[in-house]
Amino acid sequence: MLNKFLICVILLSMEHGRCKAIEYDEEYEDVTVNQMLAPRSQDTDATQILNNLLKEYDKKLRPDIGGKPTVVDVDIYVNSIGPVSSIDMEYQIDIIFAQAWTDTRLRYNSTMKLLTLTSNMVGLIWIPDTIFRNSKDAEAHWITTPNQLLRISNDGRILYTLRMTINAECQLQLHNFPMDEHSCPLSFSSYGYPREEVIYKWRKNSVELADQKSWRLYQFDFTGLRNTSDIMKTTAGDYVVMTVYFELSRRMGYFTIQTYIPCILTVVLSWVSFWINKDAAPARTTLGITTVLTMTTLSTVARTSLPRVSYVTAMDLFVTVCFLFVFASLMEYAFLNYYCYHIRKPKFGAKSEKPDYTSLSLSCSPTVITLNNSMYWQDYDDTCLYECLDGKDCQSFFCCYEECKDGAWRKGRIHIDIGELDSYSRVFFPTSFILFNIVYWVGYLYL
């Protein structure tokens with residue numbers, strides 16, 4: 001009897017422990033289920049909303065097709081602009097492009113007023129076929145995920161944003177280079193829908209700018225922007241074209257250091273020859289040729305930062321004038337050296353056949369020329385004994401009469417002393433170059 005009683009007690013204890021374990025498991029499962037019910041209910045609600053919206057949705061058709069046009073509100077957030085290439089006539093811009101429109105087919109009734117979706121949803125609904133008309137190349141950002149945002153409101157309002165980098169065309173007018181200013185456009189429109197079907201509109205504060213410290217406008221200053229809306233008429237219809245113009249002004253610092261200052265110093269250096277003795281032919285010739293070659297090199301280097309345009313730019317004008325000043329300095333010495341040293345008296349026979357001309361011994365004096373090409377030569381190293389040219393007018397060529405020194409022959413003529421040509425050049429060249437710079441800089445900077 002005692003053994004049977006112990007066995008019954010043990011069996012009852014085991015049964016009681018098993019019942020408690022079952023109750024504990026049931027309580028644990030209930031708690032777990034209760035914790036997961038809320039998120040599972042929300043997920044199910046969003047999934048059901050999307051499934052219901054896309055169940056009979058045709059993404060090939062625009063909203064309100066056959067009725068009123070779809071209005072697309074756009075705005076742009078500019079992350080950065082630059083660099084700007086003058087050679088390729090293009091600029092790079094990094095933007096976040098936002099479009100908003102209403103699609104009544106995507107309305108829904110739910111406590112969730114806004115659905116924020118990933119880029120996977122973009123391909124399942126209709127979106128505007130927007131193109132950038134002046135883009136040469138464009139690239140969407142995909143790191144770490146596609147930089148796209150899609151939001152659907154319960155009233156059918158859709159917001160779609162996309163980040164992209166665009167290389168856009170900008171036709172630079174370089175007549176005033178490097179003091180030029182430009183309006184670089186960024187224009188976009190629908191590719192296939194005319195304005196009877198899709199209309200673009202700017203939103204309030206439609207173009208916003210990021211901090212300009214990160215912009216790569218190395219040679220330009222950003223001076224402002226403006227946006228416009230135009231109608232482009234084509235054979236396929238009239239399209240709404242939206243354009244943003246970015247106003248840029250070129251900085252002159254780089255070109256002042258690389259071109260303008262070297263050109264000015266080279267021109268000034270060419271004037272040094274005016275203070276060198278005219279007998280030092282090797283020194284003056286070497287200096288003149290060196291400055292001419294230097295200006296040629298500077299002219300070539302100045303054109304490397306420009307496209308091959310057919311018109312003359314402001315820099316071309318300045319470099320060309322500087323080259324002419326340097327070349328004129330070299331020609332000045334060539335003229336002086338030629339008429340002072342390399343022209344000798346004419347060689348004639350010992351006997352003169354014409355008794356009308358006499359032979360006089362004239363003292364050597366500075367050479368004199370006149371505006372009507374009448375020249376009176378007396379500056380020679382050896383004796384000034386010569387005869388008039390046969391059959392020529394002595395007043396138009398070499399005069400050998402005493403009355404040529406003064407008298408009626410000199411009246412009405414301006415005489416230049418060739419020996420003092422360097423003295424004249426010391427005043428004429430700097431004065432004319434200063435006047436040119438005044439006209440040049442005032443004309444291009446203020447007129």
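Residues numbered from 1 in each chain as written. Predicted model: local features only at pLDDT ≥ 70, side-chain atom pairs only at ≥ 80, totals over all residues. Heavy atoms only, no water.

Student: Give me the state of the cysteines: which residues, what numbers.
Tutor: Under the definition given, this model contains 1 disulfide. The residue that forms a disulfide with Cys170 is Cys184, at a sulfur-sulfur distance of 2.3 Å. Its S-S torsion of about -75 degrees marks the bond between Cys170 and Cys184 as left-handed, since a negative value means left-handed. Of this pair, Cys170 sits in the loop between strand S7 (157–169) and strand S8 (181–190) while Cys184 sits in strand S8, and the two are 14 residues apart along the sequence. Using a relative accessible area of 1% as the deciding quantity, one classes Cys170 as buried. On the basis of relative accessibility, which here comes to 0%, the residue Cys184 falls in the buried class. Of the cysteine sulfurs around Cys263, a residue in no disulfide, the closest is that of Cys322, at 5.0 Å. (Disulfide = S-S within 2.5 Å. Helix = DSSP H or I, 4+ residues; strand = E, 2+ residues; numbered from the N terminus. Buried < 20%, exposed > 50% of the residue type's maximum accessible area, 1.4 Å probe, protein only.)

Student: Summarise the pattern of salt bridges; cite the residues concerned and give the values.
Tutor: Counted under the stated rule, the structure contains 14 salt bridges. Across the pair Arg157 and Asp73 runs a salt bridge, and its minimum N-O distance is 2.7 Å. In this pair, Arg157 is assigned in strand S7 and Asp73 in strand S1 (residues 70–85), connecting sequence segments 84 residues apart. Two residues, Arg195 and Asp238, come together in a salt bridge whose shortest N-O distance is 3.6 Å. Linking Arg195 in the loop between S8 and strand S9 (198–209) with Asp238 in strand S11 (residues 237–250), this pair joins segments that are 43 residues apart in sequence. Given a relative accessible area of 18%, Asp238 falls into the buried group. Salt bridges sharing common partners tie together Arg284, Glu332 and Asp422. (Salt bridge = Lys/Arg side-chain N within 4 Å of Asp/Glu carboxyl O.)

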